[in-house]
Amino acid sequence: MRSELGLTQRQLAEPSYTSAYISTLESGKVRPSETALRFLAARLGTSYEELTTGRPAHLATELRLALTDAQQTLATGAADEAAVRYRRLLSEAEQLGLVREQAEARLGLGDCALESGELPDAIGHFEAAERLLADEPLPRRARPIRGRAIAHLLAGELRYACYLLESTIDELGASGLSDPEALVLLNAAIIGPYLDMGAHARAARAAELALALAPQVSDPALVAGMHRQVARTFLAGGRVAEADASLAKAQEIYGQLRLRTDLAHCHWMRGYVQAQNGELASAERELRMARDMLSARRAGLYTAQVEVELADVLRQLGRYEEAAGLLSALLELGDSHGAVHAGGAHRLLGLMAEERGEAESAEEHYVQALALLERSGATGDLADLCRLLGDLLRRTGRVEAAMDAYRTGLGHRAAPGTTTLGPAPAAPALRPARVSGSRWVAGPAE
C-alpha cells in the first residue's frame, strides 16, 4: 500500500513513528499495536479492519449494503425473494469471516421462514443467530430470541414461548439493559401466548408498554431508501466510512419497519379487549387497523389470525356471511401454521352453525377445534370450547356425552400452572420521556 501511494517509510511513519519501525513491521519482525495500526490505516487511506484482516474494507461495506437491500425487500416485498438474497449473503459472510453479518443474514432467513410458515427452519436460523451473537449484550440477542419464541408459539408450544420471552424480559431488567427497542420486540411478541393461555391482564399490560415505547417514524421506507442510495454514492466514491454511517441509519429505520408487525399485534390486543367488553364498533376498528398493517407487510399468516378475532366481532354484529369469508383464509393455511387460531376458526364456524340451527355441522366444527387445541396447551380456549360442545350435546339429548365434555373442560381449566408461568416480568427500569425525531429518549426510572 505504501509503495502504491509512492510514500517512503519515513513519510509513512512521521510524525508518530520512525522509518526503522516501519521497516521492522514490513519485514514481519514486530507485531504492531492497535494504536500503531490505526495511525497507519489513516495515513494509508484505509481501515484498521483491512490492516488487521487483509480484507479490503469495501468488501464488508458492500456486504452490509446488500444485507440492507435484502432487509428492504423483506420489509416491503416478498419473503421468498428476500430469502434468496439472504442465503447468498450468508455464504459470502461466512467466506469473509464476518460474524455479525452472518448473524444478520440468519435473522433475515428466520424472519422469511416465519412469514412463509416454515417453522422448523425458522427455529434453526434463529438458534444459529443466537450462537453467533453469544458474546454480544442481551439487547442484541433480543431479535433471535423473539423470533424463536414466535416460531414455537405458532407451532402450538405456548408455555415454552412464554418462558423464552418472560425470562429475557426479566434478564434485561436485572442487568440494567432495558433497551426500548428490545422491550418493544419482546413485549409485543408475548401478547399472543398470554392471550392463548388466558393471561389477559398480562397481555394488556405488555401491549400498552410496547405501544408507549414504540418509535414514531413518518414514511420510514422513503427515508431508509434515501440513506441506501446515499450509501451507494459514498461507496462508489471510495468514502467507505461515510457509506457505513448511511447504512447504519437505513438499517435502524428498517428495524423500525419490522416493528410494524409487532405494533399491529398491539392493536390486535386492544381490539380483543374491547370485544370482550362489548365495545364491538371500537374492536372492529382496532382489528381492521391491525389487519391492514399486517397485510401491508405481506404477513399472510398473522393477517389470517387477526381475521379470526375480527370474524368473531362480525358474528356478534350479525354479519355472518362476512365473518365466514374471513375464516376461510386461515383454514386454507392448514393447522400446522397455528393450531390455536385454526381451532378458533372452527369454534366460530361451529357457533355460527349452531345459531343457524345446524347442530350436526356445529358439532363437527367443535370436535375439529377440540383436536387442534388439545395439543396446543391453550387451556382457557379448551375449557370454553368444552362448555360449548357440552351445551350442544345436552340440548340434543346426549347427556352422558355432554358430561364427558364438561369434565374435559374442567380438567384443563384446573390443571396447575396452565395459565401463567409464575410471577410476571418486572417493570422495566425506564419509561418513555420524549420523542426526538424518530428516536425515543429514555427517561429516568419511576
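Starting from 1, residues in each chain are numbered consecutively following that chain's sequence as written. Residue-level local features of this predicted model are given only where pLDDT is at least 70; pairs of side-chain atoms are given and counted only at 80 or more, and the full residue set underlies all totals for whole chains, interfaces and linings. The side-chain figures draw on all heavy atoms in the structure; neither hydrogens nor water molecules are used.

- Going by an unreviewed UniProt entry, the protein carries the name Tetratricopeptide (TPR) repeat protein and comes from Streptomyces avidinii.

## Quick look at the overall build of the protein
Part 1 of the reasoning: Counting from the N terminus, the helices are the DSSP runs of H or I reaching at least four residues and the strands are the DSSP runs of E reaching at least two. The number of helices and strands found in the protein is 22 helices and two strands.
Part 2 of the reasoning: Whether a residue is buried, partly exposed or exposed follows from its accessible area with a 1.4 Å probe, protein chains only, as a fraction of its type maximum: under 20%, in between, or over 50%, in that order. The buried share of the protein, taken over its 446 residues, is 49%.
Part 3 of the reasoning: Taking contacts inside the protein between residues at least 6 apart in sequence as the whole, the part at least 24 apart equals 60%.
Part 4 of the reasoning: For the protein, the exposed area adds up to about 20,300 Å²; of that, 52% sits on carbon and sulfur atoms. Contacts are assigned to residue pairs that have any heavy atoms within 4.5 Å of one another. The protein chains shown are the only cover counted for residues, whose accessible areas, like all others here, come from Shrake-Rupley with a 1.4 Å probe.

## With respect to the packing of aromatic side chains
Part 1 of the reasoning: Two aromatic rings, drawn from Phe, Tyr or Trp (for Trp, its six-membered ring), form a pair once their centres lie within 6.5 Å of each other, and the interplanar angle then sorts them: stacked below 30 degrees, edge-to-face above 60, tilted otherwise. In the structure shown here, the tally under the stated rule is three aromatic pairs.
Part 2 of the reasoning: Ring centres of Tyr17 and Tyr21 lie 5.1 Å apart, and the angle between their planes is 25°; this geometry places the pair in the stacked category.
Part 3 of the reasoning: Of the residues examined, Tyr17 reaches a relative accessible area of 24% and is grouped as partly exposed.
Part 4 of the reasoning: When the ring of Tyr160 is compared with that of Tyr163, the centres are 6.0 Å apart and the planes differ by 25°; the resulting orientation is stacked. Here the residue Tyr160 and the residue Tyr163 both occupy positions in helix 11 (residues 158–175), the gap between them amounting to three residues, near one helical turn.
Part 5 of the reasoning: Three or more aromatic residues joined by ring pairs form one cluster here, namely Tyr17, Tyr21 and Phe39.
Part 6 of the reasoning: Counted as over-ring charges are cases with an Arg CZ or a Lys NZ within 6 Å of the ring centre that also lie within 35 degrees of the ring normal. Directly above the aromatic system of Tyr48 lies the positively charged group of Arg38, at a separation of 3.9 Å from the ring centroid.

## Side note on the nonpolar core
Within soluble globular proteins, side chains that are nonpolar generally end up buried alongside one another.
Part 1 of the reasoning: Residue types Ala, Val, Leu, Ile, Met, Phe, Trp, Tyr and Cys, when buried and joined through side-chain atoms within 4.5 Å, form a set referred to as a nonpolar core. Core analysis: the largest hydrophobic core is formed by 43 residues, its most contacted members being Leu327 and Tyr366.
Part 2 of the reasoning: Elements with a contribution of two residues or more to this core: helix 15 (240–276), helix 16 (280–296), helix 17 (300–316), helix 18 (320–333), helix 19 (339–355), helix 20 (359–374), helix 21 (379–395) and helix 22 (399–414).
Part 3 of the reasoning: In terms of nonpolar packing, the next biggest core, distinct from the first, is built from 41 residues, Ala149, Ile169, Ala207 and Met269 among them.

## Considering the pattern of salt bridges
For side chains of opposite charge, pairing can occur when their charged atoms come near one another.
Part 1 of the reasoning: Definition used for salt bridges: Asp or Glu carboxyl oxygen within 4 Å of a side-chain nitrogen of Lys or Arg. What the rule picks out here adds up to 27 salt bridges.
Part 2 of the reasoning: We note a salt bridge from Glu81 to Arg85, for which the minimum N-O separation is 3.6 Å. Placement of the pair is Glu81 and Arg85 together in helix 7 (residues 79–96), with a separation of four residues, close to one helical turn.
Part 3 of the reasoning: Judged by relative accessible area, which is 41%, Glu81 ranks as partly exposed.

## Some details on the packing of helix 10 (residues 142–154) against helix 11
Helix-helix packing is described using two parameters, namely the angle between the two axes and the distance between the axes.
Part 1 of the reasoning: At a minimum axis distance of 7 Å, the contact between helix 10 and helix 11 shows a crossing angle of 160°. Classified by the angle their axes make, helix 10 and helix 11 are roughly antiparallel. In the packing of helix 10 onto helix 11, the handedness of the crossing is left-handed. Here Ile145, Arg146, Arg148, Ala149, His152 and Leu153 of helix 10 lie close against helix 11, whose contacting residues are Leu158, Tyr160, Ala161, Leu164, Leu165 and Thr168.
Part 2 of the reasoning: Each residue is assigned to one of three groups, with Ala, Val, Leu, Ile, Met, Phe, Trp, Tyr, Cys and Pro labelled nonpolar, Asp, Glu, Lys and Arg labelled charged, and all others, Gly among them, labelled polar. Considered class by class, the residues forming the contact of helix 10 with helix 11 number eight nonpolar, two polar and two charged. The axes used here are C-alpha line fits, helices contributing only the stretch in contact, and every angle between their N-to-C directions lies in the interval 0 to 180 degrees. Each angle receives one of four descriptions, namely roughly parallel if under 35 degrees, roughly antiparallel if over 145, roughly perpendicular if within 65 to 115, and oblique otherwise. The hand of a helix crossing depends on one turn: near helix anticlockwise from the far one by less than a right angle means left-handed, and clockwise means right-handed.

## Quick notes on the environment of Thr168
Part 1 of the reasoning: Here Thr168 is to be found in helix 11.
Part 2 of the reasoning: Overall, Thr168 belongs to the buried group, its relative accessible area being 5%.
Part 3 of the reasoning: Taking the C-alpha atoms as reference points, Thr168 and Ala142, separated by 26 residues in sequence, lie 7.8 Å from one another.
Part 4 of the reasoning: Non-local contacts of Thr168, meaning those with residues more than four positions away in its chain, are made with Leu138, Ile145 and Leu186.
Part 5 of the reasoning: Polar contacts involving the side chain of Thr168 include one to the main-chain carbonyl oxygen of Leu164, which spans 2.7 Å. Pairing of N or O atoms within 3.5 Å defines a polar contact, subject to two protein rules: one partner must be a possible hydrogen donor and the other a possible acceptor, and residues neighboring in sequence count only if both atoms are side-chain atoms.

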